Amino acid sequence: MGDMPGRMYREIKSQAYTRKEYIGGVPGIRLTQFELGNKNEDFECVVHLVTNERAQIRHQALESARVASNRVLVKNCGRLGYHIKVRVYPHHVLRHNKQAAGAGADRISSGMRQSFGKPVGAAARVEAGQEVFTIRTHWRFWDQAKEALRRAYMKLPTPCEIVTEGEVPADIEQRMKGATPIGSTEVKKEKPEEELPEEDLEEEELEEGEAEEGEEGEEEEGARDDAAPGAQEHSL
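Every chain is numbered independently, its residues counted from 1 as its sequence is written. Per-residue local features are limited, in this predicted model, to residues with pLDDT of at least 70; the limit for side-chain atom pairs, both in listing and counting, is 80 or more; totals at the level of whole chains, interfaces and linings are taken over all residues. The basis for every side-chain value is the complete set of non-hydrogen atoms in the structure, without hydrogens or water.

J.: Honestly, the sheet that holds strand 2 (residues 45-51) in this entry has me stumped. Any pointers?
T.: If you trace the 5 strands from one edge of the open sheet to the other, you get 1-4-7-2-8, paired in antiparallel fashion. Two strands lie at the open edges of the sheet, namely strand 1 (35-37) and strand 8 (160-165), each paired on one side alone. Between one strand and the next, the sheet's axes are offset by a mean angle of 15 degrees, whatever the strand orientation. Here strand 2 runs beside strand 8; their pairing, made up of 6 bridges, is antiparallel. By the bridge assignment for strand 8, Val 47 is matched with Thr 164. In what follows, residue pairs with any heavy atoms lying within 4.5 Å of each other are defined as contacts. Every axis corresponds to a line fitted to the C-alpha atoms, with the helix fit spanning only the stretch in contact, and the corresponding angles, defined between N-to-C directions, vary from 0 to 180 degrees. Where helices and strands are cited, they refer to DSSP runs of H or I of at least four residues and of E of at least two residues respectively, numbered from the N terminus. Against the sheet, helix 1 (residues 59-77) contacts strand 1, strand 4 (82-86) and strand 7 (131-137), and its axis sits at roughly 175 degrees relative to strand 4. Across the face of the sheet, helix 2 (residues 142-153) comes into contact with strand 2, strand 7 and strand 8 while running at roughly 20 degrees to strand 2. Strand pairing is assigned whenever DSSP detects at least two bridges linking the two strands.

J.: I'm lost on the packing of aromatic side chains in this one. Help?
T.: One pair of aromatic rings is described through two measures. These are the centre distance and the angle between the planes. In this analysis, rings of Phe, Tyr and Trp, with Trp reduced to its six-membered ring, are considered paired at centre separations within 6.5 Å, and the interplanar angle assigns stacked below 30 degrees, edge-to-face beyond 60, and tilted for intermediate values. On inspection of all chains with the given rule, the structure shows 2 aromatic pairs. For the pair Phe 34 and Tyr 89, a centre-to-centre distance of 5.5 Å together with 20 degrees between the ring planes defines the contact as stacked. Linking Phe 34 in the segment before strand 1 with Tyr 89 in the loop between strand 4 and strand 5 (92-96), this pair joins segments that are 55 residues apart in sequence. Each residue's exposure class comes from its accessible area (1.4 Å probe, protein chains only) as a fraction of the maximum for that residue type: buried when under 20%, exposed when over 50%, partly exposed otherwise. Classification of Phe 34 as partly exposed rests on a relative accessible area of 26%.

Here it is in structure tokens:
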């Protein structure tokens, strides 16, 4: 049986169940990293993704939102030009009472009602106005930070809004013009040396060979000229 649709776990219906030591077989969360980017830099621009409603967010949705937003930041801000942090943790264990589906499954699935269910994942419970993602960066990357949070919002099951902390500078448009990524790891490829065609290489080799032969001929002629006066003296 495949995964159930997200609408089954979106609403908060009962008390949170977080005691994993009393339930076996809880699958691990997909969310692997909660902070990415330059953690030590003192950035002046802070942008939050804030929820508007009380809801549950599954760990798959949080991981998908983190990957989507981080891809935008790395591409536009560079690896040292931002810091993103996930502000929630999926504590609540999701359970589902799986029942058989298909022809003749009515008699098979008529079992215990309101059963405990089998653990199928984890989710984070958020309240209205709670911060889910926070991005710290420079003001020149303000548009890129908002675009990254917009991509993250598209992966979440609850309505959200993007909130900027503090006052936006008056010269924000001038700062954003011509902003280049910081700490990009792209390596500039050196242009390979142009290789000469085979015909040109053969001509160069011939010219070098002719030059060597010409030098040897000049040396032989010079030796003959030096030896000529001595021969005349012996003849005399």
